[in-house]
Amino acid sequence: MTDNPDPNSRQAEREARKARRIAEREARRAERQAERAGRAKPARENGSPARATESPLRIEPAQAQADFDILVVGQGGGIDRQAAILAASLRRNAPGFRGRLIVAEPQPEGAWSGIDPRMSRQARAALEGVGAEIRPLVARDFGRSYPYGNKIEALALLDTGRSFLFLDSDTLILGEIGTLPFDFAHPSASMRREGSWPQPPAYRQTYASIWRSLYDRFGLDMDGSLDLSQPEEHWERFLYFNAGWFFGADGPAFGRRFRDWAVALRDDPGEALACQSLDPWLDQVVLPLVIHSFGGGRPGPGLAGLDGDITWHYRNLPLLYARGPQRAIDEFEAVAALPEIVPLLSEWEAAERLLRAGEGRRTIRPMFADYPVHAPERGIRKRLKQAELWLD
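Residues numbered from 1 in each chain as written. Predicted model: local features only at pLDDT ≥ 70, side-chain atom pairs only at ≥ 80, totals over all residues. Heavy atoms only, no water.

J.: So what's going on with the overall build of the protein chain? Which residues, and what values?
T.: The number of helices and strands found in the protein chain is twelve helices and eight strands. Across the 392 residues that make up the protein chain, the buried fraction comes to 48%. In the protein chain, the proportion of contacts linking residues at least 24 apart, taken out of those at least 6 apart, comes to 78%. Surface accessibility of the protein chain: about 18700 Å² in total, with carbon and sulfur atoms responsible for 49%. (Helix = DSSP H or I, 4+ residues; strand = E, 2+ residues; numbered from the N terminus. Buried < 20%, exposed > 50% of the residue type's maximum accessible area, 1.4 Å probe, protein only. Contact = heavy atoms within 4.5 Å. Areas by Shrake-Rupley, 256 points an atom, 1.4 Å probe, with all protein chains shown as cover.)

Structure follows, in structure tokens:
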């Protein structure tokens, strides 16, 4: 007999552990939702209005609204179209929002020299029509070499000392976003992520050694960031976010640290990162360090509406129809029918096929009807590509 376990057995054990973790997270989420529903019931019995039956995911605008600004990036080539759709959904579903929607528009100079990244005339008109404030972004450090860096440099455009929420442009607003219990003094970000980074090489580095090298480099205490409920060397033990949304108390201050540390890692990754890819992961590598440095961490259950009932980061149309909630699909289709949005869909193949020709509801939705909620995205992409439905 051999002491080495069968590789297939190890894989099966890993899959089983993963399935258990997913089931436990779903159970905790259900408990939180039940608790919120229980807390809301007495208020309705005392005469407070219940949520409208035709839109059960909305929060009534009569609730207290936080005052903060939302930052998105608007750029030609489709990101401007996404920003306009986000803005229209904000107007429709968050009438009580007290802050400003600020759209950072990269300019054809600096790190974007040689290409014009500005928005189309139609997208600009749609954004201005719903009251968005467009501010020019002259990128210095990233630009065309790393377009994800737009979100890092755009933070400098915000007002000093004012709380902010950054949203990726491919996001829908589904409810009163200002009623969420943001604690801007303790920043946080999206937990809707997979174990995409790092990928420790066998026998050389571990998750712990790679992350600790980064915390040490910037003078941070990694131990205070760990989720000790997760096993050692499991990627979720370490602070890691999706950069699709994040928030803080001061955009320029947050952005300076984000930019400085991202540039430092890009220019000198160091020995621990010698085998790691930083493109496209650089923003997601640096973001947890910045959040931890400002005293933040993982979002609490009160922010479950982000990536849920209040917002949905759909990424692209095939993924929206494959795994998005029905409410998000309904909202996207409603916004797409608005007169100011219809012109933006012209010559967009994904909208022509999935929306107007109905392949999203008719083909993609049934294809993933029984698919696990937290299935890895790579498997979804593979099935869509095989069906020739992976459309940008």
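From this point, the narrative continues.
J.: With reference to specific residues and values, describe helix H3 (residues 121–129).
T.: Considered for burial, the residues of H3 that qualify are Ala123, Ala126 and Leu127. Take H3 and look down its axis: the buried residues cluster within an arc of 95°, on one side only. More than 90 degrees from the buried face of H3, the exposed residues found are Arg121 and Gly129. Two residues or fewer after H3 comes Gly131, characterised by a positive phi angle close to 90°. (Arc of directions from axis to C-beta.)

J.: Any details on the pattern of salt bridges? Residues and values, ideally.
T.: A full pass over the atoms with the stated rule returns 28 salt bridges. A salt bridge links Asp116 to Arg118; its shortest N-O distance comes to 3.0 Å. A relative accessible area of 46% means that Asp116 is categorised as partly exposed. Residue classification places Arg118 among the partly exposed residues on the basis of a relative accessible area of 40%. Taking the shortest distance from any N to any O, the salt bridge between Arg135 and Glu133 comes out at 2.8 Å. (Salt bridge = Lys/Arg side-chain N within 4 Å of Asp/Glu carboxyl O.)

J.: So what's going on with the packing of helix H2 (residues 79–93) against helix H9 (residues 326–336)? Which residues, and what values?
T.: Orientation of H2 relative to H9, taken along the N-to-C sense of each, is 105°, at an axis distance of 10 Å. Judged by the angle between their axes, H2 and H9 are roughly perpendicular. Here H2 contributes Ile85, Ala88, Ser89, Arg92 and Asn93 to the contact with H9, which in turn contributes Arg327, Glu331, Phe332, Ala334 and Val335. Tallied by class, the residues present in the contact of H2 with H9 amount to five nonpolar, two polar and three charged. (Axes fitted to C-alpha atoms, helices over the stretch in contact; angles between N-to-C directions. Parallel < 35°, antiparallel > 145°, perpendicular 65-115°, else oblique. Nonpolar A, V, L, I, M, F, W, Y, C, P; charged D, E, K, R; others polar.)

J.: Outline the sheet that holds strand E4 (residues 164–167), listing residues and values.
T.: The strands making up a sheet associate through hydrogen bonds between their backbones, and the pairing can be parallel or antiparallel. Across the sheet, six strands lie side by side as E3-E2-E1-E4-E7-E6; this open sheet has mixed pairing. The open sheet has two edge strands with one neighbour each: strand E3 (133–137) and strand E6 (188–190). Each strand axis lies, on average, 25° off the axis of its neighbour in the sheet, ignoring direction. As paired strands, E4 and strand E7 (residues 242–248) are joined by four bridges and run antiparallel to one another. Bridging from a neighbouring strand, Phe164 pairs with Gly248 of E7. (Pairing = 2+ DSSP bridges.)

J.: Please set out the packing of aromatic side chains residue by residue, giving values where relevant.
T.: Within this structure, the stated rule accounts for 23 aromatic pairs. Taken together, a centroid distance of 6.2 Å and an interplanar angle of 5° make the contact between Trp245 and Phe247 stacked. With respect to burial, Trp245 and Phe247 carry one shared label: buried. Ring geometry for Tyr314 and Phe332: centres 5.6 Å apart, planes at 70°, overall edge-to-face. Placement of the pair is Tyr314 in the loop between strand E8 (311–313) and helix H8 (317–323) and Phe332 in helix H9, with a sequence separation of 18 residues. Judged on exposure class, the residue Tyr314 and its partner Phe332 are both buried. (Phe/Tyr/Trp six-rings, centres within 6.5 Å; stacked < 30°, edge-to-face > 60°.)

J.: Residue-level account of the nonpolar core, with values.
T.: Grouped burial of nonpolar side chains is what soluble globular proteins tend to show. Judged by nonpolar contacts, the single largest core of 62 residues is most densely connected at Ile70, Ile177 and Phe332. In terms of residues, this core owes the most to one element, H2, which gives seven residues. Ranked by size, the runner-up nonpolar core spans 47 residues in total, among them Ala243, Phe246, Ala262 and Leu265. (Core = buried A, V, L, I, M, F, W, Y, C linked by side-chain atoms within 4.5 Å.)

J.: Before we move on, can you summarise helix H10 (residues 349–356) with the specific residues and values?
T.: If you check which residues of H10 are buried, you get Ala350, Ala351, Leu354 and Leu355. Taken end-on, H10 shows its buried residues confined to a sector of 95°, consistent with a single buried face. If you follow the buried residues of H10, they end up packed against H8, H9 and helix H11 (359–367). Once H10 ends, the next one or two residues include Gly358, with phi positive near 80°.

J.: Which residues make up the side chain of Gln82, and what are the values?
T.: Inspection of the secondary structure puts Gln82 in helix H2. For Gln82, a relative accessible area of 18% translates into the label buried. Discounting residues that sit within four places of it in the chain, Gln82 has contacts with Ser169, Asp170, Tyr314 and Arg315.

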